[in-house]
Amino acid sequence: MRATGGILVDQTFALKLRFKSEAINDDGLGLYDGSQSFHGFAKALQLTTHAFLNDETVMKATALKGASLTFSSPRRGSILFDIRAKFSRKPKSAPLNADAYYDFTRVALARATGNLEVEADTKYVEQKLISDEPFFDELSEKLEGSLQQAHRSIDVEGAVVSLERPRSTLLMFDHETSSWVHTRDIDKNPREFTGNMTRFNTKTGNGRAYISELRKIIPVRKSDVFNHGNKHYLTWSLHGDNISTDKELVFVGKRVTSSRGETKRIILDDCRRA
């Protein structure tokens, strides 16, 4: 059976969201802070599920169509919510199986909370990282607001939150992930960096670049005022990186840092050959 949005299916995957702390053991989870955190995680899961289903990133969690996320009554002890991700149509490009969905969710949220080099456990996500790694960087940026809200019970009540699949943990959220998702500063004025492109999506303008001053690979994206006359230098640098020839650029842009001072991304206004 086929519908406008794709082949109709009926497939459900289980997730668990667990809040734990000494305060929760004694007094429970604060109503306001806990509900704000749960709402943040709900939005983050909606956005990652939409990305898995439609192979695109969006800003609004209400955009999810073709799947639904629901939760059951919380359990006693640590605050545990049972979540069901129910798909009513097949994803645009992803295989619809539990391992692919869980791995996509794990990698997307891990990268959005600071683990920029997390590796895939499935062939689908591995190939997605190879073919379009900037997709996950774009998704990370769009998840930022939801994840800031999701960390409220961690920041205020000292909770540790785990996202789980049946019989195993996908990833943990704590003060370290909170310090990453909360942006500390954005440069007021552009500055210069040297380096070369290692990944680039010509459609979205998102990519990754090795930055010499930082000695590591950082997500980059073009700003709204980027000098499009020099866009070809980005693809030139990427080509040079692929064939090990000339590739060095001077990037002009603003650095975005986390609350612990780590560089999260660089927003490019211009570039030129070094």
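Note: the structure precedes this text.
Definitions and limits used
- Residues numbered from 1 in each chain as written.
- Predicted model: local features only at pLDDT ≥ 70, side-chain atom pairs only at ≥ 80, totals over all residues.
- Heavy atoms only, no water.
- Helix = DSSP H or I, 4+ residues; strand = E, 2+ residues; numbered from the N terminus.
- Rg over C-alpha atoms; globule rule 2.2 N^0.38 Å.
- Buried < 20%, exposed > 50% of the residue type's maximum accessible area, 1.4 Å probe, protein only.
- Contact = heavy atoms within 4.5 Å.
- Areas by Shrake-Rupley, 256 points an atom, 1.4 Å probe, with all protein chains shown as cover.
- Lys, Arg positive; Asp, Glu negative; His and termini not counted.
- Charge placed at Lys NZ, Arg CZ, Asp CG, Glu CD.
- Expected span 1.5 Å × (residues − 1).
- Polar contact = N/O pair within 3.5 Å; in protein donor to acceptor, adjacent residues only side chain to side chain.
- Pairing = 2+ DSSP bridges.
- 1 Å grid on protein atoms, 1.4 Å probe; cavity = no way out; pocket = protein on both sides within 12 Å on 5 of 7 lines; lining within 4 Å.
- Points joined across faces, edges and corners; volume = space filled by probe spheres on them.
- Salt bridge = Lys/Arg side-chain N within 4 Å of Asp/Glu carboxyl O.
- Phe/Tyr/Trp six-rings, centres within 6.5 Å; stacked < 30°, edge-to-face > 60°.

1. Structural notes on the overall build of the protein chain
Each helix and strand in the protein chain was counted, giving 7 helices and 12 strands. Taking 19 Å as the expected radius of gyration for a compact globule of 274 residues, we find that the protein chain reaches 20 Å, a close match to that expectation. Projected onto the principal axes, the alpha-carbon positions of the protein chain cover approximately 60 × 50 × 30 Å. Across the 274 residues that make up the protein chain, the buried fraction comes to 50%. Partitioning the contacts of the protein chain with sequence separation of at least 6, the portion at a separation of at least 24 is 64%. Here the protein chain displays about 13400 Å² of accessible surface, and carbon together with sulfur accounts for 47% of that area. With 41 positive and 36 negative side-chain charges, the protein chain shows a separation of 5 Å between the mean positions of the two kinds.

2. Some words on helix H2 (residues 31-54)
Note: α-helices contain 3.6 residues per turn, so residues at a spacing of three or four share the same orientation. Over its 24 residues, H2 extends 34 Å from the first C-alpha to the last, a length consistent with the 34 Å expected when each residue adds 1.5 Å. With 17 of its 24 residues buried, H2 lies for the most part within the structure. Looking one or two residues past H2, aspartate 55 carries a phi angle of roughly 55°, positive in sign.

3. A word on the side chain of serine 162
Among the secondary structure elements, serine 162 is positioned in strand E5 (residues 160-165). Residue serine 162 is classed as buried on the basis of its relative accessible area of 2%. One polar contact links serine 162 to glutamate 164, side chain to side chain, over a distance of 2.7 Å. In contact with serine 162, not counting residues within four places along its chain, are Lys16, Leu17, Arg18, Thr169, Leu171 and Met172.

4. Let's talk about the environment of leucine 15
Mapping leucine 15 onto the fold places it in strand E2 (residues 6-20). A sequence separation of 29 residues divides leucine 15 from alanine 44, and the C-alpha atoms of the two residues are 13 Å apart. Here leucine 15 is in contact with Leu45, Phe81, Asp82, Ile83, Tyr101, Tyr102, Leu163, Glu164 and Leu170, once residues within four sequence places are set aside.

5. Quick word on the pairing of strand E8 (residues 191-200)
Examined bridge by bridge, E8 and strand E11 (residues 249-258) share 5 bridges and lie antiparallel to one another. Looking at the pairing, threonine 194 lines up with valine 250 of E11. Where E8 meets strand E9 (residues 206-211), 5 bridges bridge the pair, whose relative direction is antiparallel. For asparagine 196, the partnering residue across the bridge sits in E9 and is tyrosine 210.

6. Observations regarding empty space enclosed by the protein
Under the counting rule described, the total for this entry stands at 1 cavity of 30 Å³ or more. A volume near 160 Å³ is recorded for the largest cavity. Lining the largest cavity are 16 residues, with Asp137, Ser140, Pro219, Lys264 and Arg265 sitting closest to its centre. Every element with two or more residues in the lining of the largest cavity is listed here: helix H3 (98-112), helix H4 (123-150), helix H6 (175-181), strand E10 (216-222) and strand E12 (263-273).

7. Here's the deal with the pattern of salt bridges
Taken as a whole and judged by the stated rule, the model has 22 salt bridges. Put simply, arginine 152 and aspartate 33 hold a salt bridge, and the shortest N to O gap is 2.5 Å. Highlighted residues: arginine 152 in helix H5 (residues 152-157) and aspartate 33 in helix H2, separated in sequence by 119 residues. With relative accessibility at 32%, the residue arginine 152 sits in the partly exposed group. Arginine 272 is the salt-bridge partner of glutamate 192, the closest N and O atoms lying 3.0 Å from each other. Placement of glutamate 192 in strand E8 and of arginine 272 in strand E12 is noted, with a sequence separation of 80 residues between them. By sharing partners, the salt bridges in this structure join Arg111, Glu117, Glu133, Asp137, Arg199 and Arg208 into a single network.

8. Focus: the packing of aromatic side chains
In the structure shown here, the tally under the stated rule is 16 aromatic pairs. By way of ring pairs, the aromatic residues Phe13, Phe52, Phe87, Tyr101, Tyr102, Phe104, Tyr124, Phe135 and Phe136 are connected into one cluster.

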